[in-house]
Structures are given as structure tokens and as C-alpha cells.
Amino acid sequence: MNLIAKKIIHHCTSSPRLVYVLLLLITTVFIAQIPSIIIDTDPENMLDETHPARLFHNEVKTKFAMHDSIVVGVVDTQSDSGIFTSRTLKDIFEITKQIMAFDGVISADVMSISTVDNITQNDSGTIRFEWLMSKPPISEFEVMKIKQSLSRLPLLQETLVSKNGKAAAIYIPIKNKNESFRIAEKIRLATSSLSGNAKWYVTGLPVAEDQFGVEMFNQMIVAAPLAGLTIFILLLVFFRNLPLIIAPMIVAMATVLITMGALIGAGFTVHIMSSMIAIFLMPIAVVDSVHILSEFSGRYKPGNDLKETVEGVVGHLFTPMLYTSITSSIGFYSLMLTPIPPVQIFGAFVGTGILLAFLITITFIPAFLTRLSDKSLRSLQTTMHSKESSNKLLRFVKSTGRFAIKNRVSLLFVFVAVFVVSVWGVSKIQINDNPVRWFKTDHEIRVADKVLNENFAGTYDAYMVLTSTQPLLSVVEILNKELPHTLFEWVKEQSDAIIEASLHTQYQNMIIIIEDKLFTDLSGEEVNYLENTLQQLETTLSRSKAFQSPELLRYIADLQIHLNGSGLVGKSNSLADVTKLVARELRSGESKDYQIPNSPQAVAQTFLQYQSSHRPDDLWHFVTPDFQQTLVWLQLRSGDNQDMSRVVNLVDEYIEKNPLPKFIKLDWAGKAYLNVVWQENMVAGMLDSLISAFVIVFIIMVALFRSLIFGLLAMLPLTITITFIYGLIGIIGKDYDMPIAVLSALTLGLSVDFAIHFLERARETFKSTQSVKKTFDLMFEEPAIAISRNAIVIALGFTPLLFAPLVPYITVGVFLASIMAISALVTLLILPSVMILGARWVFGQSFRGE
């Protein structure tokens, strides 16, 4: 310990009240920031705002007026008629009407049986559009008429009504996805008053994400205090001295409150990852305190100078505590190398919180210990210096030590075998995530998701976007090419609108402008020139509308058939489907005419007819007004990343065998696809950060011990623990999701923590004993007890998470407890085994003690 650290500790033991006041003031300042907390659970924010995939996704949503949607389902499996009863259809009509009046709902785009058109053929060869259910049916005939009409509308089959007729759905686009929970609650309230056999469900990714935010906040409020209470009880069991264990609890609470206050005060939102900061820091923050209390309780004797003992204990532990804090923080700081903003924030603040906990520990704990009363100190002596037989933990660590030394060769072979199997398990890891699976299987969101995806084509959305890249002449370029120079200059002078619209290739607008405004005061020859130019513009206009091409639409239709038959896509909807539906009614109304017309003009006619419906803007959900870009809406029954990746691969394979038409490119958008992108970024980023942190920690270990051998030994528990944990994940088939990925940072930081304390104490003990046997006899007393206490405190400190209603919290609780148990076990079993087997290189003498 350097001179500055000694002075700081001495000042803290000399002026404890000043330390109390400063800690209280600082904590109060940061607590004041917490009420301004903002919750954010949008997976879209897992990508940086400038990420190309996110920019394109938002561009597509804007261009095609696509919105995040809540899905409401009504299912009746008890009635033979399913949802096709006057009662259920009336309920659908009334609920839809109520929903459309809710604030935040885009009523014009709500899709329900009562808000869509029935498309039929007129006698005159035109098409009739009439509301499919303009009012609730009151007779069986009216019900059957609605059912029959739905059966003839492929666009609505398996989207608004299930094939078996047992379920119907309502799609509710919302203005702001952060309002989805509020709107969903209003829908649940509205449907709860309905009677009958039908059951109502509410789901959709926006609801799952927003509801997770609400429950996450509640969980954060409950879990952190529970973790604190658990740690408090464990410390009380270990030290049996209430005044003594108040100190580490104050350290933990101050660390958590200051760190969370700093995060919120800095303007960061609380994401799913940052919501776990309090849970992570609460147990970690007491680690150094437990080491100090363990050594203090063992070293202090009645009559000793209290201040001198405290300063001696903290001084003795200062270097290993500093290095364990640095290595633990590096593990989390390494997460800042990932390209995932919420993970970067989580890593930065947990890493800083660990260093803060170290600072509070070496200032507050010495100040607190020097203020202990004589009564508390006597009680501590009575507890800690009782007979060995009454100390179960001491008996346990001594038996562990004897077992490790006696079976050192066998243990080494066992752990090598476990390591090999773990490496194989790591190769079996499957990367996957799904926001709906963040809830337990019996949660209403999961239940609704399961029921609706069993009955419909799918509640998860992905968008294939095809774009024409064919270069087009602007209006000005065509005019300049076709008109004499003097006439071209005159046209430009007459209408600035031509120049403006030419930038957007709005040919039709230009034709109207020329016809309406430019035929005055011209000679006959000039009029002829203009008329010829209009014909050129008309031709260019026709060519420019790429997705009025029958060939392109047939390519899309063939790709849809391939996707729909794969079993991966529940259903796809596209411009081709619109064209075929309208074309059928324009011809005979029979299924044989459900096909794409043969000419661009005939295709254009189907679009014009479709825009005569009550929902003319629905066309622009599939194509841009210039017909240069089109969207294919894929409905997926699963929101798992693996399934979305399979769909992308399926399309890639199809395109490889059936190349895209010339000047056409295909891109992806939609929430299901964005989840794949950020997961891939996360995996690559986590691997880079783990490797970088591993190398840095190794360098620090070599520097700390000034020994390559001790540096390698320090990395042994870390390497075995990380490999075992992630190998186990692969073997049991647990998906590698966001919480699992982040656990590598904690494993790296805390696994090396135990090793540092064990190795540092072993080396110091050997210097005084000069005997390998005596060294390990002493190591399996107070040092091993301190490590065991810390492992138990941290592992059990996370157990409140096991009772959480949210799966990510349960995952973190289970695996953190496992990490602590395994890393402590490896430290106490493998390190002694390896050090004894290599005693000549580690200590410079052989082990002679069997």
C-alpha cells in the first residue's frame, strides 16, 4: 500500500464523523436524481441511432405508413360456429368502435372485420366496395354472408380470421409505441365486461416491450431491497453482530443509490440491462467489506489498539482489494466495446460502481470500525473465537482443503475432462432472443401470443422491401432533349413547378402543368413539339413505375409461394395479392382469374379500382406513389431470432437460384429483423470485449504478482468458470440471449477476485512459514473462510431474482449464483492442486506433507 492510501485510511480513522457527513451528502445529491427516471425497453434502441439497419427500418415505416400495432384476438373454441355468431360479431363491432376512439390509436388504419371492405364484381364489369360488416348482424343469414365474403378475400384470411373460423383478430396501429401498455390496459378493461364463450387476448411486440418496462420498474423496486435483505441476513448469520454488519450494508446501499442517481442524472434511460445495475452492485459492493470484517474479527484481540488494528487490516488487504476491484471493473468496462448502446451504458456504470464501492469501503469501513463500542467488540470476540467445533464454515473449508490436497491429481484430471466437455458445449450454443419470452409461460402476454399464433398466420412482422434502381431521366432532361432551345427556355420561365417536380420524377404532374398552363400564346408548330414531348413523358412515366410491371409482380408472387410453403412464414401479403384480387373481380369473379394481368396498363387499372374502396390509402402500405419501391409484409408465428434468420437465409437461397430482375434490389426491415441485427452485433461485440478484457486482466495479474506463473494461476479459475458456464448453456440448450451474454463480464471480474485473494495470501503466508504444507494448512482457515463467505453472500444475494415474474431476471439470478459457486469451488480445489503439483516452480520447493 502506498503512502497516499495510508494517509487516507489514517485520516478516515481519525475523523470518522467527517466521513459519515460527506458520504451522506454525496448520496443525498444523487438520490435527488432518481425521481426523473425514464424507462426504455425498446429493442430498437439496442442499435445505435445511426446504424444502417435502423435508419432503413425507420425510412420504410415512414414511406409505407407502417406503424407499431397491438393485436387483439377473440377465440371461441366451444361453439361449433366459432366466432361466426351474431353475439361475437356484435362484440367485435362494438370493441373495434371503442378502440378507434382511444387516444393514441390511428383509427383510419385499424383492421377489423368491421373496418375493411368486401370486394365484389358489379354487373357493369366494375368493382363494388362495401363495408364487410357495416353493422352487427342480427340474423343467421347475415352472419353466413359475412363468413362467405371473408372466405373470398385472401388478403384477410389468416390475418383477420382464422382458417377454422374459431378466431378473429383486430390490428391496432398506434401513434407512439410507448403508449401501448396504456392502450392495451384500456382494451383489456373493455373486453373484460363481455360475456359469452369467446375469450379475448391482447398481444404484439409493442405491448410486450412496454409492459415489460412497467413490470421491470416494479421488479427493480422490489428486487434490490430483497437482495439487500438477503445479504443482511447472511452477514448476520456469519458474524452474529448487528452493529458490525451495518457497515457493509451502508456501503452497498450508498454504491447503488449513487450509481443509479448518476445514470439517471446524466440523462440515460433505464433499459432492461441498466435496470439490473442495482441487483449486480448490491452483492458485489459488499465483497471487500466481508474480507475486511473477516480479517478484523480474526485479528482484533481485547486490549489491542483499535485504530492501529483497523489500519493494519485495511493496509494488509488494500492491494488485493484494489486489484480485484480494477479487474472486476475491467470485466464490465469491456462491455463498452460492444456496438449495443444499452450494454455499453450498463458496463460503464457497473464498472464505475465497483470502483466506487472500493472507494467507499476503504474510507467508510475504517471510520465505522473505529466507532464500534466496547460492547460490540466483546460480542464479536465471543462469537469469532469460540471453539472450532461450533464453527461449521471453518470445518467445511478445512475438510475442503484436505480433500483438495489429498486428491490433487484426480481433481486435475476431473477438471480437465470437464473443461474439454465444456468447450464442446460452447460450440453448441444457439444465439436467440424474443421480447415475448421475457415473460414467464403463464403470463398473459405469453398466453395470448401462444393462442393467437396457433390460430393465425402470425403476430410478428418482417418486411421485404424491393427497390428499383434503374436510372430515370428527370422532366427537365426530357424537355431539354425533345424541345428546341428557345421553347425549352420559355417552358422553364413559365413554370418553376417543373424544375421542383423534376427532382422527384413526378411526370404526371408535369403533364398536367404543361397541358393546363403552357399551351397559350404558342404557335401551331410549338404546340406540336409540346404534344410530342407529352407522349415522351407518358412513355417515361409508364417505364418509371417499375412495380406496375407484370413480370416484377409475378417474381414477387413466386417468391411468396416459396416462402408460404416453407413452414417458416405464416403468410405474406404484397402488391401482387392486391392486383390478383382486383383482377379476379374485374374479370369473372372466379378463382381461375385470380392472377396478375399481362400488361402494365391492366395492372395500373387494378390499382385505380382498389383506390375506390373505403380505405384507398391501404395501397400505399404496399408501394410508394412513384411505384419505385414495394413492400412485402411477412407474418411470422415466432419472434425468435433463429426463425427470422432462417427466413432471411431462405430468401437468399431462392434469389441465388432465381436472381432478382435487373435493377431490383432487396432489403429487410421490421422489428423481427432488427432483433437479428442487434443480436449479431452483440455476439461479435461480446466476443471482442471478452477477449480484450481477458488479455488486460492477464497483464494486470502478471503486474500485480510480478510473476508470469502467478499471473497464469490467477487466470485459471476464470478460464474454467467461463468455459463451464457457457458450455453448460450450450449443453442444456438454453438460448444465448442478452442477459446471458452480459454475464461473461461478471464471470471475468468475480472469478479472478477469489483467485487474487487466494494467491496473494498464499504467497505472503509462504514467506513467513517457508513450508508449502503449513502454507495450505493456514490458507484453509481465515483466507478460505473469507472467500467462502463472499461466494455465499454474492450467490445467495441474487436469489430474490429467482422469484421474479420476468425471465431475464430469473436467468441472471440462476447463472450468477452458479458463477459464484463454481468460481469459489475452482479456486479452493484447483488452485491448491495445481500449486502443490507445481510447487517447485510456484514456491521454489517441493511439497512434502502427505
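A. A look at the overall build of the chain. Counting secondary structure elements, the chain contains 32 helices and nine strands. Buried residues in the chain amount to 57% of all 850 residues. In the chain, once contacts between residues fewer than 6 apart in sequence are set aside, the share between residues at least 24 apart is 79%. Surface summary for the chain: the accessible area is close to 35,200 Å², and the carbon and sulfur share equals 58%.

B. Broad picture of the confidence of the model for the chain. Summary statistics for the chain give a mean pLDDT of 84 and a share of 88% for residues scoring 70 or more. Counting contacts from residues 499-507, a segment whose pLDDT is below 50, to residues more than four positions away or on other chains yields 17 contacts.

C. Main features of the pairing of strand E4 (residues 167-173). For E4, a buried count of seven out of seven residues is recorded, marking the element as mostly surrounded by other parts of the structure. Burial along E4 is two-sided: the residues Ala-167, Ala-169, Tyr-171 and Pro-173 and Ala-168, Ile-170 and Ile-172 are all buried. With seven bridges connecting them, strand E1 (residues 69-75) and E4 associate as antiparallel partners. Bridge pairing in E4 places Val-75 opposite Ala-167.

D. Region of the structure containing the packing of aromatic side chains. Applying the stated rule across the entire model yields 18 aromatic pairs. Centre to centre, the rings of Trp-620 and Phe-627 are 6.0 Å apart; their planes meet at 75°, and the pair counts as edge-to-face. Aromatic ring contacts, followed pair by pair, group Phe-758, Phe-766, Phe-776, Phe-780 and Phe-843 into a single cluster. Of note, Arg-763 hangs over the ring of Phe-710, and the distance from its end group to the ring centre comes to 5.2 Å.

E. A look at the packing of helix H8 (residues 242-265) against helix H12 (residues 341-369). Interhelical geometry of H8 versus H12 gives an angle of 145° and a closest axis separation of 9 Å. Handedness of the crossing formed by H8 with H12: right-handed. Tallied by class, the residues present in the contact of H8 with H12 amount to 20 nonpolar, four polar and no charged.

F. Expanded view of the sheet that holds E4. If you trace the three strands from one edge of the open sheet to the other, you get E4-E1-E5, paired in antiparallel fashion. The open sheet terminates on both sides in strands that have one partner only, identified here as E4 and strand E5 (199-203). Neighbour-to-neighbour, the strand axes of this sheet turn through a mean angle of 20°, independent of strand direction. Relative to E5, E1 runs antiparallel, the two being bridged by five bridges. Residue Val-74 lies in a different strand from E5, and its bridge partner there is Trp-200. Helix H6 (residues 180-192) contacts E1, E4 and E5 of the sheet and is inclined by roughly 20° relative to E1.

G. Expanded view of the pattern of salt bridges. Tallying each qualifying case throughout the model produces 20 salt bridges. One salt bridge connects Glu-781 with Lys-398, and the closest N-O pair in it is separated by 3.1 Å. Taken together, the residues Glu-781 in the loop between helix H29 (772-779) and helix H30 (782-797) and Lys-398 in helix H14 (residues 392-406) connect sequence positions 383 residues apart. Judged by its relative accessible area of 18%, Lys-398 is buried. When the shortest N-O distance is used, the salt bridge between Arg-615 and Asp-618 registers 2.7 Å.

H. Examining the side chain of Gln-560 more closely. As for its position among the elements, Gln-560 is in helix H22 (residues 550-564). A distance of 2.9 Å separates polar atoms of two side chains, one belonging to Gln-560 and the other to Ser-572. Aside from chain neighbours lying at most four places away, what touches Gln-560 is Ser-572, Asn-573, Ser-574, Ala-576, Asp-577 and Val-632.

I. Layout of the environment of Tyr-654. Position of Tyr-654 among the secondary structure elements: in helix H25 (residues 641-657). What makes Tyr-654 buried here is its relative accessible area of 11%. Distance in space between the C-alpha atoms of Tyr-654 and Leu-563 is 9.3 Å, their sequence separation being 91 residues. With near-sequence residues (within four places) excluded, Tyr-654 lies in contact with Tyr-555, Asp-558, Leu-559 and His-562.

J. Region of interest: the sheet that holds strand E7 (residues 571-573). The strand order across the open sheet formed by four strands is E7-E8-E6-E9, and the pairing between neighbours is antiparallel. A single partner strand is all that each edge strand has here, and the edge strands are E7 and strand E9 (664-669). For this sheet the average axis-to-axis angle between neighbouring strands, irrespective of direction, equals 20°. The sheet strands contacting helix H3 (residues 52-63) are strand E6 (460-468), strand E8 (629-636) and E9, and the helix crosses E9 at an angle near 100°.

K. Local environment of a nonpolar patch on the surface. A grouping of Val-409, Leu-412, Phe-413, Val-416, Phe-419, Val-420, Val-423 and Leu-837 is seen on the molecular surface, where their side chains present a nonpolar patch of about 680 Å² in accessible area. The element contributing the most residues to the nonpolar patch is helix H15 (residues 408-426), with seven residues. Take Phe-419: it is sitting in helix H15.

L. Up close: unusual backbone geometry. Even without being a glycine, Glu-158 presents a positive backbone phi close to 65°. Position of Glu-158 among the secondary structure elements: in the loop between helix H5 (140-151) and E4. Positioned with a positive phi, Arg-706 is a non-glycine residue whose angle comes to about 50°. Here Arg-706 is to be found in the loop between helix H26 (671-705) and helix H27 (708-732).

M. Region of interest: H30. An ideal rise of 1.5 Å per residue puts 22 Å on 16 residues; H30 measures up with 22 Å between its terminal C-alpha atoms. Of all 16 residues that make up H30, 13 are buried, and the element is covered over most of its length.

N. Main features of the side chain of Gln-609. Tracing the chain through its elements places Gln-609 in helix H24 (residues 600-610). According to the relative accessible area criterion, Gln-609 is buried, its value standing at 13%. The contacts of Gln-609, once residues within four sequence positions are left out, are Ile-127, Phe-129, Val-582 and Leu-586.

O. Layout of the nonpolar core. Residues Ile-113, Leu-634, Met-701 and Met-835 are the most contacted members of the largest nonpolar core, which totals 261 residues. Aside from chain neighbours lying at most four places away, what touches Met-701 is Thr-327, Arg-706, Gly-711, Ala-714, Met-715, Val-752 and Ile-756.

P. Representation of helix H23 (residues 575-586). Between its terminal C-alpha atoms H23 stretches 17 Å, which fits the 16 Å expected from 12 residues at 1.5 Å a residue. When you tally the buried positions in H23, you get 11 out of 12 residues, the bulk of the element. Looking at H23, one finds that the buried residues are Leu-575, Ala-576, Asp-577, Val-578, Thr-579, Lys-580, Leu-581, Val-582, Ala-583, Arg-584 and Glu-585. Elements that come into contact with the buried residues of H23 comprise strand E2 (117-121), strand E3 (127-131), H22, E7, H24 and E8. Its side-chain oxygen placed 3.1 Å from the backbone nitrogen of Ala-576, Ser-574 serves as the N-cap of H23.

Q. Examining the packing of helix H10 (residues 287-299) against helix H11 (residues 306-333) more closely. Packing of H10 against H11 leaves a shortest axis separation of 9 Å and a crossing angle of 145°. You can see that H10 and H11 cross each other, and the crossing is right-handed. Between H10, through Asp-288, His-291, Ile-292, Glu-295, Phe-296 and Arg-299, and H11, the contact on the second element is made entirely by Leu-306, Thr-309, Val-310, Gly-312, Val-313, Val-314, His-316, Leu-317, Met-321, Thr-324 and Ser-325. The residue inventory of the contact of H10 with H11, partitioned by class, reads eight nonpolar, six polar and three charged.

Rules used in this analysis
Residues numbered from 1 in each chain as written. Predicted model: local features only at pLDDT ≥ 70, side-chain atom pairs only at ≥ 80, totals over all residues. Heavy atoms only, no water. Helix = DSSP H or I, 4+ residues; strand = E, 2+ residues; numbered from the N terminus. Buried < 20%, exposed > 50% of the residue type's maximum accessible area, 1.4 Å probe, protein only. Contact = heavy atoms within 4.5 Å. Areas by Shrake-Rupley, 256 points an atom, 1.4 Å probe, with all protein chains shown as cover. pLDDT = per-residue confidence, 0-100. Pairing = 2+ DSSP bridges. Phe/Tyr/Trp six-rings, centres within 6.5 Å; stacked < 30°, edge-to-face > 60°. Lys NZ or Arg CZ within 6 Å of the ring centre and 35° of its normal. Axes fitted to C-alpha atoms, helices over the stretch in contact; angles between N-to-C directions. Left-handed = near helix turned anticlockwise from the far one by under 90°. Nonpolar A, V, L, I, M, F, W, Y, C, P; charged D, E, K, R; others polar. Salt bridge = Lys/Arg side-chain N within 4 Å of Asp/Glu carboxyl O. Polar contact = N/O pair within 3.5 Å; in protein donor to acceptor, adjacent residues only side chain to side chain. Patch = residues over 30% accessible without salt bridge, like charges linked within 9 Å, V, L, I, M, F, W, Y side chains within 5 Å. Expected span 1.5 Å × (residues − 1). Core = buried A, V, L, I, M, F, W, Y, C linked by side-chain atoms within 4.5 Å.

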